[in-house]
Amino acid sequence: MNYWLLKSEPSAWSWAMQEKEGAKGTVWTGVRNHLAKKNLMAMKAGDKGFFYHSNEGKDIVGIVEVVRAPYPDPTAAKGEPWAAVDVRAIMAMPKPVPLAAIRAEPKLARMALVTSARLSVQPVTKVEWQIVCRMGGIN
DNA sequence: GCCAACGTTGGC
DNA sequence: GCCAACGTTGGC
């Protein structure tokens, strides 16, 4: 299983909205960057991801699960090869993990959130996943 | 194919 | 609101 981080501005798509979609989940659209798309394309059903609020909040607020493997983004312009996956909310972080806390943790210095701040779909290593979960009050 | 100009993202 | 980082565009 692989781990990811998905970014969204809460004014456009928030964790609360994601939770309302319930167990069936909903499509994650709008990725328009080739590296982010490459990461999306590597996802498999059952993978997990952090849900990160950019711009407002700037924290990891929840965990989602990929429920449908990559397929063409229905919101892409005709003929453009962008991809989407379906994700569902699994649980909110008991304690949201702020970006500042991630930056302050030396073990997370190589996390993509720190090194590639603008990438909207990022891989997360298993070690990083576990550290962030612990910081968020899981375990 | 290079690179300057420009647009966008996102933290501060 | 500012600006750094980074991607894209377009002239040459």
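Everything below is about the structure shown above.
Residues numbered from 1 in each chain as written. Chains lettered and ligands numbered in written order. Predicted model: local features only at pLDDT ≥ 70, side-chain atom pairs only at ≥ 80, totals over all residues. Heavy atoms only, no water.

1. Re unusual backbone geometry
A positive phi is found at asparagine 55, a non-glycine position, where the angle reads about 70°. Locating asparagine 55 in the fold gives a position in the loop between strand 3 (48-53) and strand 4 (59-72). For asparagine 55, a relative accessible area of 53% corresponds to the exposed category. Even without being glycine, lysine 58 reaches a positive phi, approximately 50°. (Helix = DSSP H or I, 4+ residues; strand = E, 2+ residues; numbered from the N terminus. Buried < 20%, exposed > 50% of the residue type's maximum accessible area, 1.4 Å probe, protein only.)

2. Considerations on helix 2 (residues 34-41)
What helix 2 keeps buried is the set Ala36, Asn39 and Leu40. Looking straight down helix 2, one finds its buried side chains confined to an arc of 105°; they lie on one side. In this structure, helix 2 carries His34 and Lys38 as exposed residues pointing more than 90 degrees from its buried face. Those residues of helix 2 that are buried lie in contact with strand 1 (3-8), strand 4, strand 5 (83-98) and strand 6 (121-124). At the N-terminal boundary of helix 2, the capping side chain belongs to asparagine 33, with an oxygen 3.0 Å from the backbone nitrogen of leucine 35. (Arc of directions from axis to C-beta. Contact = heavy atoms within 4.5 Å. Polar contact = N/O pair within 3.5 Å; in protein donor to acceptor, adjacent residues only side chain to side chain.)

3. Quick look at the protein's contact with DNA strand B
Around DNA strand B, the surrounding shell consists of Lys7, Tyr52, Ser54, Asn55, Lys58, Leu99, Arg103, Ala117 and Arg118. When atoms of DNA strand B within 4 Å of the protein are sorted by moiety, sugar and phosphate together comprise 72%. One of the side-chain nitrogen or oxygen atoms of tyrosine 52 is found 2.9 Å away from a phosphate oxygen of DNA strand B. Contact distances for DNA strand B include 2.9 Å between a base oxygen and a side-chain N or O atom of arginine 118. (Near = heavy atom within 4 Å.)

4. Considerations on the protein's contact with DNA strand C
DNA strand C sits among Asn33, His34 and Arg118. A share of 36% is what sugar and phosphate atoms reach among the atoms of DNA strand C within 4 Å of the protein.

5. Overview of the sheet that holds strand 6
Sheet architecture is open: six strands sit in the order 2-5-4-3-1-6, paired in mixed fashion. In the strand order of this sheet, the two ends are held by strand 2 (26-28) and strand 6, each with one partner. The mean inter-strand angle of the sheet, taken between neighbouring strand axes irrespective of direction, is 40°. Strand direction decides the pairing type here: strand 3 and strand 4, joined by six bridges, are antiparallel. Considered in strand 4, the bridge of phenylalanine 50 is made with isoleucine 63. (Pairing = 2+ DSSP bridges. Axes fitted to C-alpha atoms, helices over the stretch in contact; angles between N-to-C directions.)

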